[in-house]
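Structural overview
Residues per chain are reported as follows:
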Amino acid sequence: MSSSSPVRAAGLVVFRFAPAIEFLLLQASYPPHHWTPPKGHVDPGEDEWTAALRETKEEANIDKEQLAIREDVHKTLAYEVKGKQKTVKYWAAQLKNPDGMTLSHEHQNWKWCSLDEAIKIADYVEMGELLREFHAKLTA
Ligand SMILES: Nc1ncnc2c1ncn2[C@H]1C[C@H](O)[C@@H](COP(=O)(O)OP(=O)(O)OP(=O)(O)O)O1
Ligand SMILES: [Mg+2]
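Note that the structure is predicted; figures quoted are calculated from it, not measured.

1. Observations concerning the packing of helix 2 (residues 115-122) against helix 3 (residues 125-138)
A pair of packed helices is captured by two measures, namely the crossing angle of their axes and the spacing between those axes. Look at helix 2 against helix 3: their axes get within 9 Å of each other, and the N-to-C directions meet at 160 degrees. Between helix 2 and helix 3, the crossing angle belongs to the class labelled roughly antiparallel. For the pair helix 2 and helix 3, the crossing hand works out as right-handed. Of the residues in helix 3, those touching helix 2 at Leu115, Ala118, Ile119 and Ala122 are Met127, Gly128, Leu131, Arg132 and His135.

As C-alpha coordinates, then:
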(Lines give C-alpha, C1' and ligand atoms only; values in the text may rest on other atoms or scores of the structure.)
(Ligands and ions follow the chains in the order given, each with its own letter.)
Protein backbone atom coordinates (compact mmCIF):
# COMPACT_ATOMS: atom_id res chain seq x y z
CA MET A 1 0.00 0.00 0.00
CA SER A 2 1.28 3.43 -0.88
CA SER A 3 -0.17 6.79 0.02
CA SER A 4 2.29 8.79 -2.04
CA SER A 5 0.75 10.87 -4.79
CA PRO A 6 1.56 9.99 -8.37
CA VAL A 7 4.51 11.47 -10.21
CA ARG A 8 3.07 14.05 -12.60
CA ALA A 9 4.36 14.78 -16.07
CA ALA A 10 3.00 16.58 -19.12
CA GLY A 11 3.80 17.00 -22.78
CA LEU A 12 2.64 17.88 -26.26
CA VAL A 13 1.77 15.42 -29.00
CA VAL A 14 3.36 17.50 -31.75
CA PHE A 15 2.03 16.81 -35.25
CA ARG A 16 2.28 18.24 -38.75
CA PHE A 17 0.30 17.85 -41.96
CA ALA A 18 2.61 16.36 -44.61
CA PRO A 19 -0.11 16.35 -46.03
CA ALA A 20 -1.36 13.42 -43.94
CA ILE A 21 -0.83 13.76 -40.19
CA GLU A 22 2.60 12.86 -38.86
CA PHE A 23 3.48 12.70 -35.17
CA LEU A 24 6.83 13.73 -33.70
CA LEU A 25 8.40 11.08 -31.49
CA LEU A 26 11.70 11.37 -29.60
CA GLN A 27 13.87 8.43 -28.59
CA ALA A 28 15.31 8.37 -25.06
CA SER A 29 19.12 8.37 -24.81
CA TYR A 30 18.92 5.80 -22.02
CA PRO A 31 17.45 2.29 -21.79
CA PRO A 32 14.91 1.11 -22.80
CA HIS A 33 15.46 3.78 -25.52
CA HIS A 34 11.70 4.20 -25.74
CA TRP A 35 9.96 6.69 -28.02
CA THR A 36 7.50 9.28 -26.70
CA PRO A 37 6.31 12.75 -27.63
CA PRO A 38 8.17 15.60 -25.88
CA LYS A 39 7.18 15.56 -22.20
CA GLY A 40 8.58 15.57 -18.70
CA HIS A 41 8.03 16.12 -15.02
CA VAL A 42 5.88 18.91 -13.63
CA ASP A 43 8.08 21.05 -11.35
CA PRO A 44 6.91 21.98 -7.84
CA GLY A 45 4.38 24.82 -8.09
CA GLU A 46 4.09 24.43 -11.86
CA ASP A 47 0.92 23.39 -13.70
CA GLU A 48 0.75 20.73 -16.40
CA TRP A 49 0.16 23.20 -19.23
CA THR A 50 3.29 25.19 -18.34
CA ALA A 51 5.30 21.98 -17.92
CA ALA A 52 4.15 20.67 -21.32
CA LEU A 53 5.32 23.86 -23.05
CA ARG A 54 8.58 24.04 -21.10
CA GLU A 55 9.47 20.41 -21.81
CA THR A 56 8.67 20.79 -25.52
CA LYS A 57 11.05 23.74 -25.67
CA GLU A 58 13.75 21.93 -23.67
CA GLU A 59 13.51 18.62 -25.49
CA ALA A 60 12.71 19.60 -29.08
CA ASN A 61 13.56 23.32 -29.11
CA ILE A 62 10.02 24.12 -30.27
CA ASP A 63 8.52 27.40 -29.01
CA LYS A 64 4.89 28.11 -28.24
CA GLU A 65 4.85 30.59 -31.16
CA GLN A 66 5.57 27.76 -33.62
CA LEU A 67 2.58 25.77 -32.40
CA ALA A 68 -1.18 25.80 -32.77
CA ILE A 69 -2.15 23.99 -29.57
CA ARG A 70 -5.45 22.13 -29.60
CA GLU A 71 -6.63 22.72 -26.04
CA ASP A 72 -9.69 20.58 -26.81
CA VAL A 73 -7.62 17.51 -27.72
CA HIS A 74 -6.02 16.13 -24.58
CA LYS A 75 -5.69 12.92 -22.59
CA THR A 76 -3.92 11.77 -19.45
CA LEU A 77 -2.01 8.48 -19.46
CA ALA A 78 -1.38 6.63 -16.21
CA TYR A 79 1.24 3.91 -15.81
CA GLU A 80 3.67 2.55 -13.30
CA VAL A 81 7.38 3.32 -13.33
CA LYS A 82 9.56 1.41 -10.84
CA GLY A 83 6.54 0.69 -8.65
CA LYS A 84 5.30 4.30 -8.59
CA GLN A 85 2.19 5.60 -10.37
CA LYS A 86 2.95 8.22 -13.00
CA THR A 87 0.47 10.39 -14.90
CA VAL A 88 1.28 12.20 -18.13
CA LYS A 89 -1.14 14.79 -19.51
CA TYR A 90 -0.78 15.37 -23.24
CA TRP A 91 -2.31 18.00 -25.52
CA ALA A 92 -2.19 17.87 -29.31
CA ALA A 93 -0.17 20.69 -30.91
CA GLN A 94 0.34 21.38 -34.59
CA LEU A 95 3.82 22.50 -35.59
CA LYS A 96 3.12 25.31 -38.03
CA ASN A 97 6.57 25.58 -39.63
CA PRO A 98 8.26 22.18 -39.48
CA ASP A 99 11.96 22.87 -39.67
CA GLY A 100 15.19 21.35 -38.45
CA MET A 101 15.06 19.69 -35.04
CA THR A 102 17.44 20.23 -32.12
CA LEU A 103 17.40 17.71 -29.30
CA SER A 104 18.71 17.88 -25.74
CA HIS A 105 21.02 15.23 -24.26
CA GLU A 106 17.93 13.33 -23.06
CA HIS A 107 17.14 12.09 -26.57
CA GLN A 108 19.25 10.47 -29.27
CA ASN A 109 16.89 10.53 -32.22
CA TRP A 110 13.61 11.87 -33.55
CA LYS A 111 11.15 10.72 -36.17
CA TRP A 112 8.05 12.06 -37.89
CA CYS A 113 5.66 9.10 -37.99
CA SER A 114 2.40 8.21 -39.68
CA LEU A 115 -0.27 7.00 -37.26
CA ASP A 116 0.63 3.35 -37.85
CA GLU A 117 4.38 3.95 -37.50
CA ALA A 118 3.85 5.98 -34.34
CA ILE A 119 1.74 3.27 -32.74
CA LYS A 120 4.39 0.72 -33.63
CA ILE A 121 7.43 2.52 -32.28
CA ALA A 122 5.72 4.14 -29.28
CA ASP A 123 4.82 0.56 -28.39
CA TYR A 124 2.81 1.06 -25.16
CA VAL A 125 -0.86 0.11 -25.54
CA GLU A 126 -2.23 3.24 -23.87
CA MET A 127 -0.07 5.50 -26.02
CA GLY A 128 -1.41 3.69 -29.09
CA GLU A 129 -4.97 4.41 -27.94
CA LEU A 130 -4.11 8.07 -27.32
CA LEU A 131 -2.61 8.41 -30.81
CA ARG A 132 -5.67 6.81 -32.45
CA GLU A 133 -8.01 9.05 -30.48
CA PHE A 134 -6.03 12.23 -31.26
CA HIS A 135 -5.76 11.28 -34.93
CA ALA A 136 -9.53 10.77 -35.17
CA LYS A 137 -10.22 14.15 -33.54
CA LEU A 138 -7.64 15.98 -35.65
CA THR A 139 -9.02 14.63 -38.91
CA ALA A 140 -12.72 14.99 -37.99
N1 LIG B 1 2.79 4.86 -21.95
C2 LIG B 1 3.61 4.09 -21.23
N3 LIG B 1 3.12 2.99 -20.58
C4 LIG B 1 3.93 2.22 -19.84
N5 LIG B 1 5.25 2.43 -19.68
C6 LIG B 1 5.79 3.48 -20.30
C7 LIG B 1 5.01 4.36 -21.10
N8 LIG B 1 5.84 5.33 -21.59
C9 LIG B 1 7.07 5.05 -21.13
N10 LIG B 1 7.05 3.95 -20.34
C11 LIG B 1 8.21 3.32 -19.63
C12 LIG B 1 9.53 3.51 -20.33
C13 LIG B 1 10.51 3.67 -19.18
O14 LIG B 1 10.93 2.37 -18.76
C15 LIG B 1 9.69 4.27 -18.05
C16 LIG B 1 9.84 5.77 -17.89
O17 LIG B 1 9.61 6.37 -19.15
P18 LIG B 1 8.92 7.78 -19.30
O19 LIG B 1 7.61 7.82 -18.61
O20 LIG B 1 8.94 8.09 -20.75
O21 LIG B 1 9.82 8.76 -18.47
P22 LIG B 1 11.28 9.26 -18.59
O23 LIG B 1 11.85 9.25 -17.23
O24 LIG B 1 11.98 8.50 -19.66
O25 LIG B 1 11.16 10.75 -19.11
P26 LIG B 1 10.40 12.07 -18.63
O27 LIG B 1 11.30 12.78 -17.71
O28 LIG B 1 10.23 12.77 -19.93
O29 LIG B 1 9.07 11.74 -18.04
O30 LIG B 1 8.32 3.95 -18.35
MG1 LIG C 1 11.24 14.08 -20.99
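Following the structure, the description resumes.
2. Topic: the UniProt feature "domain: Nudix hydrolase" (unreviewed entry) in the protein
Taken from the UniProt record, the annotation "domain: Nudix hydrolase" (unreviewed entry) applies to residues 5-135. Secondary structure across residues 5-135 divides into 24% helix and 44% strand, with the first and last C-alpha atoms of the span separated by 31 Å.

3. Topic: the coordination of the magnesium ion (ligand 2)
At 2.0 to 2.2 Å from the magnesium ion (ligand 2) lie its protein donor atoms, namely Lys39 (O) and Glu59 (OE). Taken as a pair, Lys39 in strand 4 (residues 39-41) and Glu59 in helix 1 (residues 48-60) lie far apart in primary sequence, 20 residues in all. Of the two residues examined, Lys39 and Glu59, each falls in the buried class.

4. What about the pattern of salt bridges?
This model, assessed by the stated rule, comprises 11 salt bridges. Between Arg54 and Glu55 there is a salt bridge; the shortest N-O distance is 3.1 Å. Taken together, the shared-partner salt bridges in this structure form one network comprising Asp43, Glu46, Arg54, Glu55 and Glu58.

Conventions we followed
Residues numbered from 1 in each chain as written. Chains lettered and ligands numbered in written order. Predicted model: local features only at pLDDT ≥ 70, side-chain atom pairs only at ≥ 80, totals over all residues. Heavy atoms only, no water. Axes fitted to C-alpha atoms, helices over the stretch in contact; angles between N-to-C directions. Helix = DSSP H or I, 4+ residues; strand = E, 2+ residues; numbered from the N terminus. Parallel < 35°, antiparallel > 145°, perpendicular 65-115°, else oblique. Left-handed = near helix turned anticlockwise from the far one by under 90°. Contact = heavy atoms within 4.5 Å. UniProt positions renumbered as here; feature names shortened; annotations may be inferred. Donors = N, O, S within 2.8 Å, 3.2 Å for Na, K, Ca; no water. Buried < 20%, exposed > 50% of the residue type's maximum accessible area, 1.4 Å probe, protein only. Salt bridge = Lys/Arg side-chain N within 4 Å of Asp/Glu carboxyl O.

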